[in-house]
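If you want the building blocks of each chain, they are given just below.
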Amino acid sequence: MYFTDAHEELRLHIRKFLEKEVQPNLEEWEEKTFPDSIFRRFGELGFLGLRYPPEYGGQGGDYFSAVVLSEEMARAGCGGLGMAVAVQAEMATPPVFRFGTEDQKRRWLVPAIQGEQIAALAITEPDAGSDVAGITTTVGNEFIVDGRKIFITNGARCQWALVVTKTDRERGHGGFNLLVIEKGTAGFEVTRTLQKLGMHSSDTAELLFEECHVPVGNLIGEEGEGFKHLMWELQGERMIAAAGAIAGAARVFEYTMDYAKNRQAFGQPISNFQVIKHKLVDMGTKIAAIQSFVYQTAKQWDQGEYPVREISQAKLLATQVACEVADDAIQILGGHGYMREFPVERAWRDARLARIGAGTDEIMKEIIAKSYGL
Ligand SMILES: Cc1cc2nc3c(=O)[nH]c(=O)nc-3n(C[C@H](O)[C@H](O)[C@H](O)COP(=O)(O)OP(=O)(O)OC[C@H]3O[C@@H](n4cnc5c(N)ncnc54)[C@H](O)[C@@H]3O)c2cc1C
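Residues numbered from 1 in each chain as written. Predicted model: local features only at pLDDT ≥ 70, side-chain atom pairs only at ≥ 80, totals over all residues.

Observations regarding the overall build of the protein
Summing up its helical and strand segments, the protein has 11 helices and 10 strands in all. What you see for the protein is a C-alpha radius of gyration of 21 Å, in line with the 21 Å of a compact globule of 374 residues. A principal-axis box enclosing the C-alpha atoms of the protein has dimensions of 75 × 50 × 40 Å. Buried residues in the protein amount to 48% of all 374 residues. (Helix = DSSP H or I, 4+ residues; strand = E, 2+ residues; numbered from the N terminus. Rg over C-alpha atoms; globule rule 2.2 N^0.38 Å. Buried ≥ 20, exposed ≤ 12 C-beta atoms within 10 Å, placed from the backbone.)

Notes on the site of the ligand
The local shell around the ligand holds 22 residues, among which Ile-123, Gly-129, Ser-130, Thr-360 and Glu-362 are the closest. Where the shell around the ligand is concerned, the elements lending two or more residues are strand 1 (119-122), strand 3 (144-153) and helix 11 (361-371). Residues that form the shell around the ligand fall into these classes: 10 nonpolar, eight polar and four charged. Of the residues that make up the shell around the ligand, three or more belong to each of domain 2 (119-224) and domain 3 (228-371). (Near = placed C-beta within 6 Å. Nonpolar A, V, L, I, M, F, W, Y, C, P; charged D, E, K, R; others polar. Domains from an automatic or database assignment.)

Topic: the nonpolar core
Within the largest apolar cluster, 114 residues are counted, with the highest numbers of intra-cluster contacts made by Ala-161, Leu-162 and Ile-246. It is helix 7 (residues 226-262) that contributes the most residues to this core, 16 residues altogether. In this structure, Ala-161 is in contact with Ala-119, Ala-120, Leu-121, Ala-122, Ile-152, Gly-155, Ile-181 and Leu-207, ignoring residues within four places of it in sequence. (Core = buried A, V, L, I, M, F, W, Y, C linked by C-beta atoms within 7 Å. Contact = placed C-beta atoms within 7 Å.)

Re helix 1 (residues 5-22)
Spanning 18 residues, helix 1 covers 24 Å between terminal C-alpha atoms, matching the ideal 26 Å at 1.5 Å per step. By the burial criterion, the buried members of helix 1 are Leu-10, Ile-14, Leu-18 and Val-22. Projected onto a plane normal to the axis of helix 1, the buried residues spread over an arc of 70° and lie on a single side. Residues Asp-5, Glu-8, Glu-9, Leu-12, Lys-16, Glu-19 and Lys-20 are exposed on helix 1 and point more than 90 degrees away from its buried face. (Expected span 1.5 Å × (residues − 1). Arc of directions from axis to C-beta.)

Focus: the domain arrangement of the protein
When cut into domains, the protein gives domain 1 (5-114), domain 2 (119-224) and domain 3 (228-371). Between domain 2 and domain 3, the C-alpha centre-to-centre distance is 30 Å. In this assembly, nine residues from domain 2 lie in contact with nine residues from domain 3. Partitioned by chemical class, the residues of the side of domain 2 that touches domain 3 number six nonpolar, three polar and no charged.

Right, here's the structure in full:
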């Protein structure tokens, strides 16, 4: 219903590439993080610009091409790399494309699509995550940025970050600006990279801006409109998070079903035990239901609608189901499920992030509640 022959061709193309050039390295990259050069490879293959127009080096596809990439990354078990690529293609560059000037697109979008530049999106601060309006990274009249950002994916390796700043606290939501700040700008420093539960192959950094002078030409979109632009960006980010989460869950489900059919206990496959069988049925049923809802909502988004309630619901439920499925998988695999050499352990760790990043479960519920007039 949602994928054309061209999407399926793209899916095979991505799958083959991941099998050959990415999956053999995943374990090593979990230890050391992946090399920056992988971005160039994704760029060469066109995967960083699937839905950008050809005049900027993109492939001119629709939103479902991005869904295909997200699904295939998840299916291949590329948690950390998948997140880094999503930050590049679905978080940091969309505002530059949608709100940037022609010159800004040439400077930052085109090299990001080529994989020549790595990008980050810096919203979160040590004292403001869910409460985006509460950020304190300020920008003075001449774009002098002061503040600290935390948990920034691609933060250590990026060439530029799209940084969410506030000009004037008195202006409330009307006082936000999105600024591209390039590495090497005096006053922009990566203060540390952080160790985390999952997504080990990605880098997560803390950034410091101290009297960082940013050229006026680095403002993305209208002055003061940054909050509105960011809210638009978050919808696409949440949609992709939902699609990736559910594709990851499907992969874990298939693996677990196969395992249960082959694992013997008390002289029979454990899938014969009704309690295991029913657990598997619950996993498959939840995945099937939320998968349809994710596709239906992605279709609305692709057609230019702005279905904030549905996107929030899809993100909330898909990421919760992914965590439940990963947890059930560990239970079904027993002790093997807890071991590093079996894939569900990493899937469980990686999946957990999605209920926090791009807006927590609780924030999704607040948005949904508001949409019901609650
Ligand atoms: C691995 C990783 C990668 C990340 N990558 C990026 C990135 O690239 N760029 C970026 O900007 N950020 C990134 N983040 C940050 C992420 O978006 C935030 O962690 C998230 O938005 C939550 O903010 P917080 O951590 O400050 O939690 P807090 O806002 O402090 O929330 C703590 C708890 O309070 C709850 N809470 C807060 N407000 C409410 C409320 N009004 N009602 C009910 N409950 C509430 C939350 O749901 C949560 O359970 C990343 C985080 C991680 C862990």
